[in-house]
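Coordinates in review
Spelled out, the chains give:
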Amino acid sequence: PSIPNNFDSFAGYAGSLFASGEYDEEDKEADLVYEQVEMAIDGRRKKWREQKMREEITKLREKRPTIQQQFQDLKHQLSSVSREEWEAIPEA
């Protein structure tokens, strides 16, 4: 029997080239191995992406600190304010 040619010069092959073949145990094993390899590679990529993201966040925080970081020194200075000084602060 003649196998139909599903090749398009723009899009490549349409459909599966091996659709007429049987999917056997060897194919299942190969798919499992490829899946494990993909997972390992993705794990490495994930670690790299997370490290890169942490570095970018650190750089961003150096350029534009959070509000909490901006007022951290002032909050620390509040610990030395006496009760009388605190009560003398006018209401907003």
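For clarity, every value in this text was computed on a predicted model and none was experimentally measured.

A look at the overall build of the protein chain
A tally of helices and strands in the protein chain yields 4 helices and 2 strands. Its helices and strands in sequence order give the protein chain the pattern β-β-α-α-α-α, from N to C terminus. Taken over 92 residues, the protein chain has a buried fraction of 1%. Of the roughly 9,600 Å² that the protein chain leaves accessible, carbon and sulfur atoms contribute 55%.

A short note on a negative patch on the surface
Together, E22, D24, E26 and E29 make up a region of like negative charge exposed at the surface. The exposed category is assigned to E26, whose relative accessible area is 61%.

Observations concerning the pattern of salt bridges
By the definition in use, this model includes 3 salt bridges. Measuring nitrogen to oxygen at the nearest pair gives 3.5 Å for the salt bridge that ties E25 to K28. With E25 and K28 both in helix α1 (residues 25-63), this residue pair falls 3 residues apart, about one helical turn. Classification of K28 as partly exposed rests on a relative accessible area of 44%. Of the charged contacts, one joins R83 and E87 as a salt bridge, the two residues approaching to 3.6 Å between their closest N and O atoms. With R83 and E87 both in helix α4 (residues 83-87), this residue pair falls 4 residues apart, about one helical turn. In this structure R83 comes out as exposed when scored by relative accessible area, which is 62%. On the basis of relative accessibility, which here comes to 56%, the residue E87 falls in the exposed class.

So, the confidence of the model for the protein chain
Here the protein chain averages 86 in pLDDT, while 89% of its residues score no lower than 70. Per-element averaging of pLDDT across the protein chain places strand β2 (residues 12-13) at the bottom with 73 and α1 at the top with 93.

Cut-off values and rules
Residues numbered from 1 in each chain as written. Predicted model: local features only at pLDDT ≥ 70, side-chain atom pairs only at ≥ 80, totals over all residues. Heavy atoms only, no water. Helix = DSSP H or I, 4+ residues; strand = E, 2+ residues; numbered from the N terminus. Buried < 20%, exposed > 50% of the residue type's maximum accessible area, 1.4 Å probe, protein only. Areas by Shrake-Rupley, 256 points an atom, 1.4 Å probe, with all protein chains shown as cover. Patch = residues over 30% accessible without salt bridge, like charges linked within 9 Å, V, L, I, M, F, W, Y side chains within 5 Å. Salt bridge = Lys/Arg side-chain N within 4 Å of Asp/Glu carboxyl O. Lys, Arg positive; Asp, Glu negative; His and termini not counted. Charge placed at Lys NZ, Arg CZ, Asp CG, Glu CD. pLDDT = per-residue confidence, 0-100.

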